[in-house]
Amino acid sequence: MTATQDAPATQPEIGRERRRKEDQRLITGRTRWTDNIVLPGMLHMAMVRSPFAHARITSIDTSAAKASRNVVTVITGADVAEEQGALPNAWPITPDQVTPAHPPVAVDRVTFAGEIVAVVVARTAAEARDAAELVDVEYDELPAALDLKAAAADEVLAHPDLGTNKSALWVFDSAQAGTGGDVEEAIAKARDGGVVIEREYRQQRLIPAFMEPRSVVVDPTGEQITMWSATQIPHILRFLLAAVLGVSESKIRVIAPDVGGGFGGKLQTTPEEFISMVIARRLGKPVKYTETRSESLMAAHHGRDQWQKLTLAAEADGTVTGLKVELLADLGSYVSLVGGGVPVLGAFMFNAIYKFPAYHFACQTVLTNKVWTDAYRGAGRPEATYAIERLMSELAAELGVDPLEIREKNWITHEEFPFTTVAGLEYDSGNYEAATAKAKEMFGYDELRAEQLRRREAGDPVQLGIGISTFTEMCGLAPSRVLGSLDYGAGGWEHASVRMLPTGKVEVITGASAHGQGHETAFSQIVADRLGVPFEDVEVLHGDTQIAHKGLDTYGSRSLVVGGEALVKAADKVIEKAKPIAAHLLEASVDDIEFSAGRFGVRGTDQGLGIAEIALATFAAHNLPDGVEPSLDSDATYDPVNFNYPHGTHLCAMEVDTETGQVSMRKYVCVDDIGNVINPLIVAGQVHGGLAQGIAQALFEEAVHDESGTLVSASFVDYLVPTAADLISFEVDHTTTPSLTNTLGTKGVGEAGTIASTPAVVNAVVDAVRHLGVTDIQMPCTPERVWRAVNGAGRGGSDPTTGDAAPHFGGAEANQHSDAADTADRTDGAGQ
Amino acid sequence: MTHVTPDVPSRASEQGSRHHMKIELTVDGAKVSDDVEPRMLLVQYLREKLGKTGTVIGCDTSNCGACTVHLDGTSVKSCNVLAVQADGGEVTTIEGLAQGGELHPVQQAFHECHALQCGFCTPGMIMQSIDLLNDNPAPTEQEVREGIEGNLCRCTGYQNIVKAVQRAAGAPSGEGVTL
Ligand code: FES
Ligand code: FES
């Protein structure tokens, strides 16, 4: 046989700005959202939700709803409890964690405003909603635990029967762990001749606010029960549905079709999903539930919500010697799927890129009468990064040195990698010097500092501030063994299949389930390069447990670094399998077969076969070597050896109007290092989106409850997701320090922008007015808060973020989170 | 630039029962007539009655713009218009945009500039952008930002959407994105 296919001389796919395969259906409106699904005989559900944060249910009268037009049934908590116990909690962080049983429909007590108390099933969605209004629930209101600090002191109990709001106390101490020194010693030493920075920071409650509301359809009429859900985790969901409902896993198929964003907010097994299963099975009919936006904001999980008490110790020259972190983390009324573990993820990142020798972390998780918190873009790492990057800038200010200088003095240098941190992680690679140098140059750092000085000296009403964040994060969750040691309920591996079809096309299956990240495109690029086939010839399938038969789904920036690596391994197995077949067909020795650019050649000759020809030969199977199985495909399940640690330097310039408190972003530069980039276009897109979310935490977003625990920000009028007009164009670039823990040399990017940008922005806002005596402004830095900080400081340093009189500045938008909405929940300001 | 409900006079015909009203309209070039409940929103009509699920619902307060379509050539939030108000009108949805298999230049620009991620906001964003360009064929960055202010996107940070709109307008600033 002779060569019939020459290897195409094309540029490598990896690193190329490929336009996305996904786009065609999305830009033409042919998208498969869960809410688009219509099945014969399908019924619709509407939820009756509690208006109270904490109340006893004294009676529920469903008769009027039941009698209403086209209503099939009305179900209450007692009904559901017959078939379904508590919702799962997959991450008990301590053996003695207090975990209240979480019924999907409240039985005799509601624990947050928005909790489901009854479910109406009707022929149309409108009829279900109409009838839901007729369900008459009587409540006996109970005192609600709303303020995090008060809740931690057990002043009011979220669950009176538990006797406490304290769920778990999780502690890490470097001296005990043997990874570093004693923090109390470091602090004592710093008090005596060094510098101690003590701060209290509030991580306000945020709402993931994915644009597609959650939606679920269950069809119980087939051999299997099929659930379509707007979820990030179809595989985990299937397992947990089976485990909780006692249905055989093989009888459940979960499909995550096109999913309109998640950001951690769809990393959940929701009450609505369990209720849909129970009702569909009971009625033997397909059912659908799609939440409204206000339901989504109220009852899909929230993120962040921590009080951080921080003590940073340093020598007089700015060398940091220790950090002590005490956290209160608001879990909401139940411990959700992985919510309890979110602060634990953060525990490992408070030391960030710095090599200080002593570290102590203690987190108390607390139950309150609000919806549960869980993963939100970055999950634990943004909270940690915010704290340390704010503290480093405070230390610089205290010492009167440039904040970049302080960072440089304390960071792990390029030569020191790999580096074991005080929190016990091994950072494989990093080059903070390179990213910072590039960012500084792009930003025009020195010129902007000069302008800042000019404005200060001139007493300009509009001051300029420069904010810095040199961040790292831990992503690509993760080695299963490590997750096990943290008591996380699942592994961290990912699965992939690569199947050569007889025509030479390639079908790729991944257990990572996309919700906007562009897996179909990036994964096609990886496989096209590995197998030497055209990008267009690769088809990526995902998000359906019947097709992608195993996997651990998409969160924590793991799809590419874990799932992509699984693909590489599966593709390599295909090549290995093909080699003896090629040798056999070419009548050569296996040792002489070389694979390159899609062609199996015989060394030293021009003989060879293309991979498509081998694929066809293995399909026909007329002439295979003895013992070789027909068909050319492979599976690989990859468990990473380590997390990976993207890093970067973000610089932000903010203008702050000292007369009105109005802040506006002048410039934002970020240089991220995520190792090798598969698709620069997709990476830039994720960075932009991530920045928008992190900036939103700094400036706009906050879940606000009133005194009775009602979510005030329960619509897009009140929950300020930034618009195009609220943001500027960012300047993004990268440096490349390949990861050493995967063959692609790549690191995760999905959360980087969010993690890095929040402290960069707040550092800039504070920097703009620091000379007026301001050392902190509570997030979000609304004009009102900035004005208070500036004026409070000017009048002798009263608490910058609270006060009684609430003058209104700017437009209506600027004051959406107005004083009226300010709750006991954030009575304390920055607390210095 | 208007991106909220224009002042659409109610054109619902007089006949029809109290609970249903007869409407006739053109949707993506096809004439349709129907009996609808007066309370039915245009977006519900498009999705539930016509199966035009390209137009989506992202909020219940007319703030997100996901449901944006064109009514008589102008963008409207179809969750903010009753189906009966569209009677006699001409509606274009994302599904009627590509003509003869050819993408509309704005659709093409969204693809080229990677102006979408999950794609949920995308149909509304594209419809709004077209309306914006009809009013202002060469918008500045700030004009684009203000023009799409009524449409929320959670994934993209808007930057590439702005580029796409400018690219569709033929502006050089709409060229490639870098990282
Ligand atoms: S659904 Fe119409 S504006 Fe949100
Ligand atoms: S692309 Fe996801 S909301 Fe815009």
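Residues numbered from 1 in each chain as written. Chains lettered and ligands numbered in written order. Predicted model: local features only at pLDDT ≥ 70, side-chain atom pairs only at ≥ 80, totals over all residues. Heavy atoms only, no water.

We apply this condition: UniProt positions are given in the numbering used here, feature names are shortened, and annotations may be inferred rather than shown by experiment.
Per an unreviewed UniProt entry, chain B goes by Carbon-monoxide dehydrogenase small subunit and derives from Nocardioides perillae. Database annotation for chain B, UniProt heading Pathway (unreviewed entry): "Alkaloid degradation; nicotine degradation."

The name that an unreviewed UniProt entry assigns to chain A is Carbon-monoxide dehydrogenase large subunit, with the source organism given as Nocardioides perillae.

1. Focus on the interface of chain B and chain A
Definition in use: For this analysis, residues touch if any pair of their heavy atoms sits within 4.5 Å. Here, a salt bridge means any side-chain nitrogen of Lys or Arg that lies within 4 Å of a carboxyl oxygen of Asp or Glu. Polar contacts here mean pairs of N or O atoms no more than 3.5 Å apart (in protein, one a potential hydrogen donor and the other a potential acceptor; neighbouring residues in sequence count only if both atoms are side-chain atoms). Working definition: helices are DSSP H or I runs of at least four residues, strands are E runs of at least two. Numbering for both runs from the N terminus. Nonpolar residues are Ala, Val, Leu, Ile, Met, Phe, Trp, Tyr, Cys and Pro. Charged residues are Asp, Glu, Lys and Arg, and all others, Gly as well, are polar.
Taken together, the contact pairs 46 residues of chain B with 60 residues of chain A. Our enumeration of links across chain B and chain A arrives at three salt bridges. Its salt-bridge partner being Arg 154 of chain B, residue Glu 701 of chain A comes within 2.5 Å of it at the nearest N-O pair. At the junction of chain B with chain A, the criterion picks out 26 residue pairs in polar contact (both at pLDDT 80 or more). Residue assignment for the side of chain B that touches chain A shows that the elements contributing at least two residues are helix H1 (42-49), helix H2 (105-112), helix H3 (122-135), helix H4 (141-147) and helix H5 (159-168) of chain B. If one sorts the elements of the side of chain B that touches chain A by residue count, H2 of chain B sits on top with four residues. Its residues assigned to classes, the side of chain B that touches chain A shows 19 nonpolar, 17 polar and 10 charged.

2. Things to note about the domain arrangement of chain A
Residues and elements named next belong to chain A. Under the convention used in this document: As annotated, the domain borders come from an automatic or database domain assignment. Summed over both partners, the accessible area (1.4 Å probe) lost when two parts come together is defined as the buried area.
In terms of domains, chain A is made up of domain 1 (23-31 + 493-638), domain 2 (34-142 + 213-259 + 266-299) and domain 3 (379-476 + 642-827). Computed over C-alpha atoms, the centres of domain 1 and domain 3 are 41 Å apart. If you look at the interface, domain 1 gives 16 residues, while domain 3 gives 18 residues. With both chains or domains summed, domain 1 and domain 3 bury close to 1200 Å², and 58% of this area falls on carbon and sulfur atoms.

3. Digging into the packing of aromatic side chains
All names here are of chain A. Note the cut-off: Here the aromatic set is Phe, Tyr and Trp, taking the six-membered ring for Trp, and pairing holds for ring centres within 6.5 Å; pairs whose planes are under 30 degrees apart are stacked, those over 60 apart are edge-to-face, and all others are tilted. With a 1.4 Å probe rolled over the protein chains alone, any residue whose accessible area is under 20% of its type maximum counts as buried; one over 50% counts as exposed, and the rest are partly exposed.
Counting across every chain of the model gives 17 aromatic pairs over all chains. Where Tyr 201 meets Tyr 386, the ring centres are 5.5 Å apart and the plane angle is 75 degrees; that geometry is what we call edge-to-face. Taken together, the positions of Tyr 201 in strand S8 (residues 195-206) and Tyr 386 in helix H12 (residues 381-399) put the pair 185 residues apart, joining distant regions of the chain. In this structure Tyr 201 comes out as buried when scored by relative accessible area, which is 1%. In this structure Tyr 386 comes out as buried when scored by relative accessible area, which is 2%. One aromatic cluster in this structure is built from Trp 170, Phe 172, Phe 348, Phe 350, Tyr 359 and Phe 361.

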